[in-house]
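# Observations on the model geometry
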Amino acid sequence: MSTQLLIGGRIYSSSAPDATALAVTDGTIVWLGADQVGRALHPDAEIIDLDGAFVAPAFVEPHLHTTALGLQLTGLNLSEARSLAHCLELVRNHAAAHPNGAILGDGWDETRWPEHRPPTPAEIDAALGANPGRQVYLSRVDAHSAVASTALLDAVPELTGVSGYRRGEPLRAAAHHHVRAAIRAGMTREQRDTARRAALDLAAARGIVAVHECAGPDIAGVDDVRELLDIEHGVQVRAYWGQAVSDAEEARALIADLGVHALGGDLFVDGSIGSHTAWLRAPYADAPGTGLGYLDADAVAAHIRACTEAGIQAGFHAIGDAAMDAVVAGFARAVADLGGPRVAALGHRIEHAEMLDVDQIGMLASWGVIASVQPVFDAAWGGPDGMYAERLGPQRAATLNPFAAMAAAGISLAIGSDAPVTALDPWAAVRAAVHHRTAGHGLSPRAAFAAATRGAWRAGGVRDGIAGTLVPGAPASYAIWDADELVVAAASDAVQRWSTDPRARVPGLPPLDPDTPLPTCLRTVHRGVTIYGG
C-alpha cells in the first residue's frame, strides 16, 4: 500500500473541521487530524507540504457541453463582444488570421449591445473580406439560436421547409439543429478531439474531477458522444443522452448502443428565455408568442415510466413555466402508475428548472427529483434591468431560480455552469448562488458549496453518502487552492456575521463577496491521482 500525508494545510471536512493534515492510502482518505499526529501514525508516508493551502472536496460539473466548450476555447469566442460592431470586428479578425475552412463562433448576446440585435447573414459575409463564400456559424450565448453566413445557409437546402427558419432572423428550433449539424459535419476527428481535451484540461485546472456531458441527437449527435467517451483523460465523464423513449426495452437498447449512462440532460421540453424559445404560460413581454414546447406531459410521462422500469436515470431540460407544467404533470402520471418510491429511487433530474411555483417545488421534492441548476444565469441575466426582466417583465423575472425555496422543500440541488453558456468556473457559480439577485432566493455558502460537490455527485447517481466529502473512507478526490482567509457564515439570515473562530467547529470556506478574488487551483486530485498541477 502507498500512503501520502498532506500536512500544513486547512482541510474542509465536516468530521474534522480543524484538521491541518490528511492521509490518503491507495486513493482513499484514511485519516484527518493534526500534523504531528499524522506523522506519528504514518511514519513511512510520502509527505506533501501544503504550505497553508486550502484543501476541499473537488467539484463536479453536472451540465457541460464538452466539445462546444472546447471549440470556444480553441476557436472564436464572442462572449466578450461589446456591441454588434465589435462582434463583426472579432469575426473579421478571426477570418483574417484563419483564412481557410469554416468558422465556428460562440457566445454572442445581443441584449448587452447598444444595437440590440444580432448580425445578419449579409453583415457576416461582409466581415469575411476577400472570401465572402466561407461557411460561418455563430451560436448565441444560450446555444438555442444562431446566425450564419449565406454560404452555410445555402449548404442546407432543406432549411426553408423546417420550423425555426425565417429569412434574415436568427435560426431557432429545427432550423438551428440542421445548420449546427451541417457545420460540425465538416470538422475532422482531430479538431474535435483537440477541442474536447482543451475543455477537460480546463475542468481539471478549475478543480473539477468529473463532468456530466449533456448530449443529444439535436446537440452534437451520436458520433460526438461516442468520440467523447473514447477520450482518455483524468476527468471522469458521465454521459447523458437527450432522446425520449416510450418503453423500457427501447431505453435499454439506446443505453447499450451509445454507451451512455442515462437518458436525460438536454432532453428538450422547451428552449431558452434569451432566444424566446422557453415555453411560457403567458406571452413574452418583449415579443409575441409563448415560445416553443417540444414534449408534452404524455411524452414526459412515457419517458419517465420507460426509464424507471429499465432502472435508468431520466431527465429533462425545462426552463419556462409551461414547460415545468408539462414536466410536473408527466411525473405525476408516472408516479400514479409506478408509485412514488419506485420513481424516487432513480433520482431523475430536471436541468435548469428556472420557472417553477411553490406547489411544483413541493411535488418534485416528494418524488425525489434532482434539480441541476446554473446560478450564473441569474448573475448574468437576472435583476430588474437584466435580460430576464426584459423578456418576461420585472414581476415574472423576480420569481426565477428560487434556490432557497427548492432546497428548503428538500429538492437536492446540483450546481453547474452549462458551459460554454456560462464560464466553467465552479467558485463563481457558488458565489452566484449565494448572492442571488432576488432577495430570499439565495443559498448559504455551505449549502451552495455542497450543491457543487456532494449534490453534483448525487445528481450523477452516486449516493454513498461520502462522495464529495473529505472524511475517512471517502475517495481522495480533492482540490488544493490558494486562498487567503477562510470564513464561516452565521446560520441566521437576518444578521449575516462572519467568523474565523475555530471554536465554532464548522469548516470555513473562502469569502464569496462579489469583489473578493476567488481561490486559484494549485492541484486537482481524483481518487488519489493528480490530474492537474504538480
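Residues numbered from 1 in each chain as written. Predicted model: local features only at pLDDT ≥ 70, side-chain atom pairs only at ≥ 80, totals over all residues. Heavy atoms only, no water.

## Some thoughts on the overall build of the protein chain
Along its length, the protein chain carries 20 helices and 23 strands. For the C-alpha atoms alone, the extent of the protein chain along its principal axes is close to 75 × 55 × 50 Å. Taken over 534 residues, the protein chain has a buried fraction of 57%. Taking as baseline every contact in the protein chain between residues at least 6 positions apart, the subset at least 24 positions apart corresponds to 72%. For the protein chain, the accessible area works out to roughly 20900 Å², and carbon and sulfur atoms hold 51% of it. One way to put it: in the protein chain the 39 positive side-chain charges average out to a point 1 Å from where the 60 negative ones average out. (Helix = DSSP H or I, 4+ residues; strand = E, 2+ residues; numbered from the N terminus. Buried < 20%, exposed > 50% of the residue type's maximum accessible area, 1.4 Å probe, protein only. Contact = heavy atoms within 4.5 Å. Areas by Shrake-Rupley, 256 points an atom, 1.4 Å probe, with all protein chains shown as cover. Lys, Arg positive; Asp, Glu negative; His and termini not counted. Charge placed at Lys NZ, Arg CZ, Asp CG, Glu CD.)

## Observations concerning the pairing of strand S9 (residues 103-108)
Burial analysis of S9 places 6 of its 6 residues in the buried class, the great majority of the element. Here strand S8 (residues 76-77) pairs with S9 via 2 bridges, running parallel. Within the sheet, the bridge partner assigned to Leu76 lies in S9 and is Gly105. Viewed along the sheet, the connection from S8 through helix H3 (residues 84-97) into S9 turns out right-handed. By the bridge criterion, 5 bridges tie S9 to strand S10 (residues 136-140) in an arrangement that is parallel. The partner of Trp108 across the bridge, within S10, is Arg140. (Pairing = 2+ DSSP bridges. Right-handed = clockwise from strand over helix to strand, strands pointing away.)

## Quick look at the pattern of salt bridges
Inspection of the entire model under this criterion finds 22 salt bridges. Note that Arg333 is salt-bridged to Asp298, the shortest N-O span being 2.2 Å. In this pair, Arg333 is assigned in helix H11 (residues 321-338) and Asp298 in helix H10 (residues 297-310), connecting sequence segments 35 residues apart. Its relative accessible area of 36% is what places Arg333 among the partly exposed residues. Taken together, the shared-partner salt bridges in this structure form one network comprising Asp109, Glu110, Arg112, Arg140, Asp142, Asp286, Glu390 and Arg391. (Salt bridge = Lys/Arg side-chain N within 4 Å of Asp/Glu carboxyl O.)

## Structural notes on unusual backbone geometry
The linkage connecting Ala419 with the following residue, Pro420, adopts the cis geometry, with an omega of 15°. A positive phi is found at Ala353, a non-glycine position, where the angle reads about 45°. Along the polypeptide, Ala353 turns up in the loop between strand S16 (349-352) and helix H13 (358-366). Phi at Arg527 is positive, roughly 50°, even though this residue is not glycine. Among the secondary structure elements, Arg527 is positioned in the loop between strand S22 (520-526) and strand S23 (529-532).

## Observations regarding the sheet that holds S9
Here 5 strands make up an open sheet; going across it, the order is S8-S9-S10-S11-S12 and the pairing mixed. Sheet topology places S8 and strand S12 (171-172) at the edges, where each strand pairs with a single neighbour.

## Here's the deal with a negative patch on the surface
Taken together, Asp482, Asp484, Glu485, Asp513 and Asp515 make up a surface patch of like negative charges. With respect to the secondary-structure elements, Asp482 resides in strand S19 (residues 478-482). (Patch = residues over 30% accessible without salt bridge, like charges linked within 9 Å, V, L, I, M, F, W, Y side chains within 5 Å.)

## Some words on the sheet that holds S16
Pairing within the open sheet is parallel, and its 4 strands lie in the order S15-S16-S17-S18. Edge positions in the open sheet fall to strand S15 (315-318) and strand S18 (413-415), since each of these has one partner strand only. Mean inter-strand twist for the sheet, computed between neighbouring axes without regard to direction, equals 20°. (Axes fitted to C-alpha atoms, helices over the stretch in contact; angles between N-to-C directions.)

## So, the pairing of strand S1 (residues 3-7)
For S1, the tally of buried residues reaches 5 of 5 residues, placing the bulk of the element in the interior. Neither face of S1 is left uncovered, since the one carrying Thr3, Leu5 and Ile7 and the one carrying Gln4 and Leu6 both have all their residues buried. In this sheet, strand S5 (residues 46-49) lies alongside S1 in parallel orientation, the contact comprising 4 bridges. Considered in S5, the bridge of Leu6 is made with Ile48.

## Thoughts on helix H7 (residues 189-205)
Because an α-helix completes one turn every 3.6 residues, residues spaced three or four positions apart along the sequence face the same direction. In a regular helix each residue adds 1.5 Å, so 17 residues correspond to 24 Å; H7 covers 24 Å between its end C-alpha atoms and thus fits that length. Those residues of H7 not exposed but buried are Arg192, Asp193, Ala195, Arg196, Ala199, Leu200, Leu202, Ala203 and Ala204. Residue Gly207 follows H7 closely and has a positive phi angle near 80°. (Expected span 1.5 Å × (residues − 1).)

## What about the nonpolar core?
Counting 71 residues, the largest nonpolar core has Leu364 and Met406 as the members making the most contacts within it. Sort the elements by how many residues they give to this core and H11 lands first, with 9 residues. Counting the residues that make up this core, at least three belong to each of domain 1 (3-58 + 469-483 + 519-532) and domain 3 (244-460). Excluding residues within four positions of it along the chain, Met406 makes contact with Ala353, Leu356, Ile361, Ala371, Val373, Ile411 and Leu413. (Core = buried A, V, L, I, M, F, W, Y, C linked by side-chain atoms within 4.5 Å. Domains from an automatic or database assignment.)

## A closer look at the packing of aromatic side chains
To describe a pair of aromatic rings, one takes the distance between the centres and the angle between the planes. Tallied over the full model, the rule gives 13 aromatic pairs. Relative to Trp113, the ring of Trp108 has its centre 6.3 Å away and its plane inclined at 35°; by these criteria the two rings are tilted. Of the two residues, Trp108 and Trp113, both sit in the buried class. Between the aromatic rings of Phe377 and Trp381, the centroid separation amounts to 5.4 Å while the plane-to-plane angle is 55°, which identifies the pairing as tilted. Note that Phe377 and Trp381 are positioned in helix H14 (residues 375-381) at a spacing of 4 residues, about one turn of the helix. Of the two residues, Phe377 and Trp381, both sit in the buried class. Grouped by ring-pair contacts, the aromatic residues Tyr12, Phe54, Phe59, Trp427, Phe449 and Trp481 constitute a single cluster. One Lys or Arg, Arg349, reaches over the ring of Tyr240 and ends 4.5 Å from the middle of that ring. (Phe/Tyr/Trp six-rings, centres within 6.5 Å; stacked < 30°, edge-to-face > 60°. Lys NZ or Arg CZ within 6 Å of the ring centre and 35° of its normal.)

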